[in-house]
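Survey of secondary and tertiary structure
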Amino acid sequence: MRCLAVDDEPLALEIIKTFCNKVPFIETLTVCSSGVEAISILQQDNIDLLFLDINMPHMSGLELASLLRNPPMLIFTTAYQDHALEGFDLSAIDYLVKPFSFERFVKAVSKAYELYSLRKKSENAILNGVSENEGNGESGNNVSKSSADDYFIIKVEYSNVKVRFDDILYIEGLKDYVKIYTTEKNLVTKSTMKNVEEHLPSSSFMRVHKSYIVGVSHIEAIENNHIVIGTHRIPLGGGYKDEFLAFIESKRL
């Protein structure tokens, strides 16, 4: 992956450089110290992943991200947790709070690499004359309805996989793909969140964020604008908060 790191703190850029040098699937890293410089680089180079600080002079990372029409994958890096929900609302892959460890950094970039690899496979399949949507009857959406009420079928690479609704913990949108977290494994398919949501029973699932749908039966707690499901913490988006909290209140003793 070709990466760009934007941060007005030289030490922060050095840490990202050091970490990137240890990750074999990161091909190149370009660095700059302002949003204006970043825009120029993004216009000239093909960047796959953007590391973006939030609190910068003249133009914040959030402002920069909102200006980009076709942004690369995005990981926010910041010393503050206050903007986490805004970051996820901009479809960020992850949100790293400084100082972050190498282990936490690898977790974030591995998530980005997973999406990057899926896109490359999709591009190669098209170039080789193999349509990833063959047989599903709906371009770009590899989720099929079933005659039963308790599962749907998704296409994962060249296999059709049955996913039971009861097993779904939550679903994460990754731009052109969705990642379905289940009790046993995680599955990625090419689809939109809207398409997936239409196939799910509304009595069992809730959209809680632009990029997240949760299985309500698996919710364990709500903490600081996050929904806790096992070891996962799912952000609660502002546009979905009132409806979700009303649902929670209806279940209160």
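Summary of the structure given here. Given the structure is predicted, the values throughout are model-derived calculations rather than measurements.

Let us look at the state of the cysteines. Scanning all chains against the criterion turns up zero disulfides. No disulfide involves Cys-3; its sulfur sits 5.3 Å from that of Cys-20, the nearest cysteine. The exposure class of Cys-3 is buried, given its relative accessible area of 0%.

Pairing is possible between side chains of opposite charge, provided their charged atoms come close. Scanning the model with the defined rule gives 11 salt bridges in all. A salt bridge links Lys-98 to Asp-7; the nearest nitrogen and oxygen atoms lie 2.7 Å apart. Taken together, the residues Lys-98 in the loop between strand S5 (94-97) and helix H5 (102-127) and Asp-7 in the loop between strand S1 (2-6) and helix H1 (10-21) connect sequence positions 91 residues apart. Glu-172 is paired through a salt bridge with Lys-111; the nearest N and O atoms lie 2.8 Å apart. Highlighted residues: Glu-172 in strand S9 (residues 168-174) and Lys-111 in helix H5, separated in sequence by 61 residues.

Turning next to unusual backbone geometry. Cis geometry is found at the peptide bond from Lys-98 to Pro-99, where omega equals -5°. Checked against the element boundaries, Pro-99 lands in the loop between S5 and H5. If you check the backbone angles, His-58 has positive phi at about 75° while not being a glycine. Its place among the elements puts His-58 in the loop between strand S3 (49-53) and helix H3 (61-67). In this structure His-58 comes out as exposed when scored by relative accessible area, which is 86%. The phi angle at Asn-225 is positive, at roughly 60°, despite the residue not being glycine. Its location among the elements puts Asn-225 in the loop between strand S14 (221-223) and strand S15 (226-229).

The rules behind these values
Residues numbered from 1 in each chain as written. Predicted model: local features only at pLDDT ≥ 70, side-chain atom pairs only at ≥ 80, totals over all residues. Heavy atoms only, no water. Disulfide = S-S within 2.5 Å. Buried < 20%, exposed > 50% of the residue type's maximum accessible area, 1.4 Å probe, protein only. Salt bridge = Lys/Arg side-chain N within 4 Å of Asp/Glu carboxyl O. Helix = DSSP H or I, 4+ residues; strand = E, 2+ residues; numbered from the N terminus.

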